[in-house]
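# Structure assessment
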Amino acid sequence: MEQQEIKNQQKFGGQVEDDFDIVGLVKSLLKYWPLYAVGLAIGLAIAYGFLRTQVNQYNISATIFLPERGVNSAEAIFEEMVSFNTRGISLGDQAIFMQSYGLALKTLEDMDYRVSYFREGRITKEELYPKAPINVSFDSAAFEWFGYEMQVLTENEHNGKLRLIKDEKIEEEIRFPIGKDFLLMGSPMRIEINGDVNRLRHYFRVHDMDKLAHSYKGKLTIKLQEPSKSVVRVAMKTEVPARDNLYLNTLLKNYIQQDLTEKNIAAENTIRFIDRQLGLIADTLDNVESNLERFRTDNRILNLGTQAEGIFSRFRELETQQATEQVTLSYYEYLQNYIQKRGDFSEVIAPSIMGISDPLLTASVSNLSQLYAKRNALGETVRERNPVWVSINNQISNARQELAENLDNIIKSQELVLQDLKRRLREVDGQIGQLPAKEREFLAIQRRFKLNEEIYTFLLQKRAEAGIAMASNKSDRQIVDAARGANLFSPRPALAYGLGAMLGFIIPLGLVLLRILLNNKILDKSVLEKLTRIPILGLVPHSKSEKNLIVGKDSKSGLTESFRVLRTNLSFLPKKNNQRVILLTSTISREGKTFISLNLASTLSFTGKKVVLVGCDLRKPKLGEYLEINDFLGMSNYLSGHAEYESIIQPTQHENLKIITGGPIPPSPSELLSDPRMEELMQRLKEDFDIVILDTPPIGLVSEGMDLMRYADVKLYIVRQDYTTKEHVRFVDELYREGRLENLNIVFNDYDPKRASYGYGYGYGYGYGYGYGYGYGYYEEDHKKKQWWKFW
């Protein structure tokens, strides 16, 4: 018997396994391809709608060459003088200059960008630049106009309407003469129109130039162009490439011009300083030259003697040195006075112009000049309490104090040098006193003349050098590549459509996958085989028929054939009492017990055997309803003693098939089925019929199903595809393994390959394939076809 049981398990059932079936999963996912197609279409539609609502954003850029200072031609003469404000400035400082408020404001004013013009599209507004059918002109914008969006409509060729819109609400509407001056909020304006502005809505907005400059200065991005250390890339993001390409190019030109202007200011200040010194020396030189000529004429002395000439040469040398040192001291005093009285270093004269090569002094002046330039660039963009502003002010204060202390020491040293020169001059002057009177007098006059002549020549030379430098002065900064064209960076159509398609596909795929992974229903025979050791006796395919009694004697349908296969497989089971009582049950209701009981009974009756179908489900009797016969007399009447045996047996359309319905629903079905009359009934049915089929209540819901098991020779457990859960099967499998359900077999009901993991299904015994698309028809909830998109 055990060997036979093992053979039956090998033939009709498998081992309990829980392997992941990747092939089955993929095939299950592919069944919902229409859902993916719809999701893909929706995703692309959303991407299209998103792109229509977005304003295009572009990247534009230009490159500028910023070399190190002071290595070429005339600029080298005054390298320090003309480049204090920019020499050696870091990229971060250059960014501050380029992003300064003043430079942005001047650029916008040069562009005359005081008014923006817009055209309203179907979804968004589009700025019209550089041409628009509207042209607005005014002398100066009144601040009352700021913040308004003004819509222009024409009434005729002479008059129009102007709507003042704020926060998307029309606050005022006025009429105006086209092409003529009119007052708007007390300020004059003129609107000229070229074309019909009624066809599309046109707007304009007058800008607050201060706010616009603040807005523009923060748009720049400045980076070194690798691998070069002198080429800088200036970029910005924009919605209107034509407008901001012009802005970027104009800004760089103004930046270069600003650099050149700073150089010229330094050179002009130097020339003015030299001119003042020349004016003083020129008058003195004229007087001394006149005295020298007059003395020569009156005394007929042309040259000095040898001794006098030697003394005069030494004296003149010391006086020249004294004069030079005095000029140097004057510069130091000028610089000291500049520090004490001036608020910035934009016009300071460099030490190099006076021939001073003190590296410490030059570095201090240069550093202070750079700090002032940086603070001036930040002056319009940050507040006084800003940490950057406070930091620069602290640096300036420290640098001024350091330079002042350095100058005090330098001036003291310079005064000592002059004192030494005066002492040496007094010694030489004593030697001059020993010369004859005429030679001494001539020597004094000639000494003053030579001294002033040399100083005058020195200053003339410096002025000529400054003039040459200024005349040849030019900015060494050059635009390498001007801004032109634009690169679209947002939105990206390819990316938007790609994401839309991906999400449109992934979301329904994820929902389907989630449904499959979370679905606890039995979908395929292979899953059933892995869950239980109970033999699978047969498979009943899905049907669309509205009839409940499907099987006919001459029927050739696949569904009828499945019951014939089930009848054959029953004959292969081990014989016990000639298999006279067959019980059908399930875990819960609506799994098809009554339908299978009825059609199995019909199939068995075609073999010539007498078959009776007994409706033992007294709680929800269905046999009478399925066969459309009288259900007033049945099991409940007999078991309660209100009907006789012969009265409850009813005929059917098949000659060898009789039926006992459940009868009226009793108040206590469990007690009735446990009554001794039930045992008497079963005994008489076995005597009168060859096969007794019991349609019992679900064993997972009520106790009657288990109580009736003792009458059965063969027990059939009904599993309905996509309805019976895995927990139900495990529950019955546990009862089977515990030996509480002997001779139990499974019938897999309502099988549809389209709902299974695999696209095929096979019956047992004869290998018939049931790939038909039959509906069900005997469950009330299955009257309507389940749509493909209702996958939960």
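Here the structure is a predicted model, which means the values were calculated and not measured. (Residues numbered from 1 in each chain as written. Predicted model: local features only at pLDDT ≥ 70, side-chain atom pairs only at ≥ 80, totals over all residues. Heavy atoms only, no water.)

## Overview of the overall build of the chain
Worth spelling out the cut-off: Counting from the N terminus, the helices are DSSP H or I runs at least four residues long and the strands are E runs at least two residues long. Think of it in three bands: residues with accessible area under 20% of the maximum for their type are buried, residues over 50% are exposed, and the middle band is partly exposed, with areas taken using a 1.4 Å probe on protein chains only. Two residues qualify as a contact provided that any one of their heavy atoms is within 4.5 Å of a heavy atom in the partner residue. Accessible areas in this description were obtained via Shrake-Rupley with a 1.4 Å probe; residue shielding takes into account the shown protein chains only.
From N to C terminus, the chain includes 23 helices and 22 strands. Relative to its full complement of 792 residues, the chain shows a buried share of 48%. Considering only intrachain contacts with a sequence separation of at least 6, the fraction spanning at least 24 residues in the chain is 78%. As presented, the chain carries roughly 40,600 Å² of accessible surface, and 50% of it is formed by carbon and sulfur atoms.

## Let's talk about helix α15 (residues 558-571)
Threshold: Take the number of residues in a helix, subtract one, and multiply by 1.5 Å to get its expected span.
With 14 residues, α15 extends 20 Å between its outermost C-alpha atoms, agreeing within 8% with the 20 Å of an ideal straight helix rising 1.5 Å per residue. Most of α15 sits inside the fold, with twelve of its 14 residues counted as buried. Of the positions making up α15, those classed as buried are Gly558, Leu559, Thr560, Glu561, Ser562, Phe563, Arg564, Val565, Leu566, Thr568, Asn569 and Leu570.

## Side note on the sheet that holds strand β4 (residues 134-137)
The cut-off we apply is this: When DSSP finds at least two bridges between two strands, those strands are taken to pair. The convention used is that axes are lines fitted to C-alpha atoms, helices contributing only their stretch in contact, and that angles between N-to-C directions extend from 0 to 180 degrees.
Spatially, three strands are ordered β4-β9-β8 in an open sheet, and the strand pairing comes out antiparallel. For this open sheet the edge positions go to β4 and β8 (181-184), each flanked by a neighbour on one side alone. Within the sheet, the average angular offset between the axes of one strand and its neighbour, ignoring direction, is 35 degrees. Where β4 meets strand β9 (residues 187-193), four bridges bridge the pair, whose relative direction is antiparallel. When the bridges of β9 are listed, Asn135 appears paired with Glu192.

## Structural notes on the packing of helix α2 (residues 22-30) against helix α13 (residues 493-518)
Defined as follows: The scheme is simple: roughly parallel for angles under 35 degrees, roughly antiparallel for over 145, roughly perpendicular for 65 to 115, oblique for anything else. By definition, turning the near helix anticlockwise from the far helix through less than a right angle yields a left-handed crossing, and turning it clockwise yields a right-handed one. Put simply, Ala, Val, Leu, Ile, Met, Phe, Trp, Tyr, Cys and Pro go in the nonpolar bin, Asp, Glu, Lys and Arg in the charged bin, and everything else, Gly too, in the polar bin.
As a packed pair, α2 and α13 sit with axes 10 Å apart at the nearest point and diverge in direction by 130 degrees. Taken together, the axis directions place α2 and α13 in an arrangement best described as oblique. Crossing handedness for the pair α2 and α13: right-handed. Contacts from Leu25, Ser28 and Leu29 of α2 reach α13 at Leu509, Val512, Leu513 and Ile516. Grouping the amino acids of the contact of α2 with α13 by side-chain chemistry returns six nonpolar, one polar and no charged.

## Topic: the sheet that holds strand β15 (residues 536-541)
Reading across the sheet, the eight strands line up as β15-β22-β21-β16-β20-β17-β19-β18 and stay open at both edges, with mixed pairing between neighbours. Of all the strands in the sheet, the pair left with one neighbour each is β15 and β18 (650-651). The pairing of strand β16 (residues 581-585) with strand β21 (residues 714-720) spans four bridges and is classified as parallel. Within the sheet, the bridge partner assigned to Leu584 lies in β21 and is Leu716. On top of the sheet, helix α16 (residues 593-605) reaches β15, β16, β17 (611-615), β19 (657-660), β20 (691-695), β21 and β22 (744-751); it is set at about 170 degrees to β20, its chief contact.

## As for a nonpolar patch on the surface
Using the following cut-off: Patch building starts from residues that exceed 30% relative accessible area and form no salt bridge, then joins like charges within 9 Å and nonpolar side chains (Val, Leu, Ile, Met, Phe, Trp, Tyr) within 5 Å. Criterion for a salt bridge: a side-chain nitrogen of Lys or Arg within 4 Å of a carboxyl oxygen of Asp or Glu.
Together, Leu40, Leu44, Tyr48, Leu495, Tyr497, Leu499, Met502, Leu503, Phe505, Ile506, Ile507 and Leu511 make up a nonpolar patch on the protein surface, roughly 1,000 Å² of accessible area in all. Among the elements of the structure, α3 (33-53) and α13 are those that each provide at least two residues to the nonpolar patch. As for its position among the elements, Leu499 is in helix α13.

## Quick look at a negative patch on the surface
Operational definition: By the counting rule applied here, Lys and Arg register as positive and Asp and Glu as negative, while His and the ends of each chain are not counted. To locate a charge, the coordinates of NZ of Lys, CZ of Arg, CG of Asp or CD of Glu are taken.
Taken together, the side chains of Asp167, Glu168, Glu171 and Glu172 present a region of like negative charge at the surface. Looking at where Asp167 falls in the secondary structure, it is placed in the loop between β6 (159-166) and β7 (169-177).

## Notes on the pattern of salt bridges
Tallied over the full model, the rule gives 20 salt bridges. Of the charged contacts, one joins Glu155 and Arg175 as a salt bridge, the two residues approaching to 2.8 Å between their closest N and O atoms. Of the two residues, Glu155 is situated in the loop between β5 (149-154) and β6 and Arg175 in strand β7; the sequence distance between them amounts to 20 residues. Between Asp750 and Arg720 there is a salt bridge, and its shortest N-O distance comes to 3.2 Å. Pair noted here: Asp750 is in strand β22 and Arg720 is in strand β21, with a separation of 30 residues, a long-range link. Via salt bridges that share partners, Lys125, Glu149 and Arg205 belong to a single interconnected network.

## Here's the deal with the packing of aromatic side chains
Heads up, the rule is: When the centres of two rings from Phe, Tyr and Trp lie within 6.5 Å, Trp using its six-membered ring, the rings pair. Their planes under 30 degrees apart give stacked, over 60 give edge-to-face, and anything left gives tilted. Here, a charge over a ring means that NZ of Lys or CZ of Arg falls within 6 Å of the ring centre while also lying within 35 degrees of the ring normal.
Under the defined criterion, the tally for this structure stands at seven aromatic pairs. Note that Lys125 overlies the ring of Tyr203, its terminal NZ or CZ placed 4.9 Å from the centroid. Note that Lys237 overlies the ring of Phe489, its terminal NZ or CZ placed 5.4 Å from the centroid.

## Things to note about the environment of Pro698
For Pro698, the location among the structural elements is in the loop between β20 and α22 (704-708). With 105 residues separating them along the chain, Pro698 and Lys593 place their C-alpha atoms 8.8 Å apart. Beyond its immediate sequence surroundings of up to four residues, Pro698 is in contact with Thr585, Ser586, Thr587, Ile588, Ser589, Lys593 and Asp617.

## A look at the nonpolar core
Threshold: As used in this record, nonpolar core signifies buried Ala, Val, Leu, Ile, Met, Phe, Trp, Tyr and Cys residues forming a set joined through side-chain atoms within 4.5 Å.
Val614, Met635, Met678, Leu685 and Leu694 are the most contacted members of the largest nonpolar core, which totals 46 residues. Those residues within four positions of Met635 in sequence are excluded, and the remaining contacts are Val614, Gly615, Cys616, Leu618, Ile660, Thr661, Gly662, Gly663, Leu673, Met678 and Leu681.

## Structural notes on the pairing of β17
β17 sits mainly inside the fold: five of its five residues count as buried. Of the two faces of β17, the one lined by Val611, Leu613 and Gly615 and the one lined by Val612 and Val614 are each fully buried. The pairing of β17 with β19 spans four bridges and is parallel. Residue pairing across strands places Val614 opposite Ile660, the latter belonging to β19. Here β17 runs beside β20; their pairing, made up of five bridges, is parallel. Note that in β20 the partner of Val614 across the bridge is Leu694.

## Examining the environment of Phe273
Structurally, Phe273 is set in helix α8 (residues 241-299). What makes Phe273 buried here is its relative accessible area of 8%. The spatial distance from the C-alpha of Phe273 to the C-alpha of Arg463 is 9.3 Å, given a sequence separation of 190 residues.

## Some remarks on the packing of α3 against α13
Here α3 crosses α13 at 145 degrees, and the two axes come no closer than 7 Å. In this structure, α3 crosses over α13, and the sense of that crossing is right-handed. Here α3 contributes Leu35, Tyr36, Gly39, Leu40, Gly43, Leu44, Ala47, Tyr48, Phe50 and Leu51 to the contact with α13, which in turn contributes Pro493, Ala496, Tyr497, Gly500, Ala501, Gly504, Phe505, Pro508, Leu509 and Val512. A class-by-class count of the residues in the contact of α3 with α13 yields 16 nonpolar, four polar and no charged.

## Considering the confidence of the model for the chain
The condition that has to hold: Per-residue confidence from the predictor is reported as pLDDT, a score between 0 and 100.
With 77% of its residues at a pLDDT of at least 70, the chain reaches an overall mean of 78. Confidence over residues 69-88 falls short of pLDDT 50; this stretch has 53 contacts with residues more than four positions distant or in other chains. Below pLDDT 50 for its whole length, residues 300-305 participates in 15 contacts with residues either more than four positions away or in separate chains.

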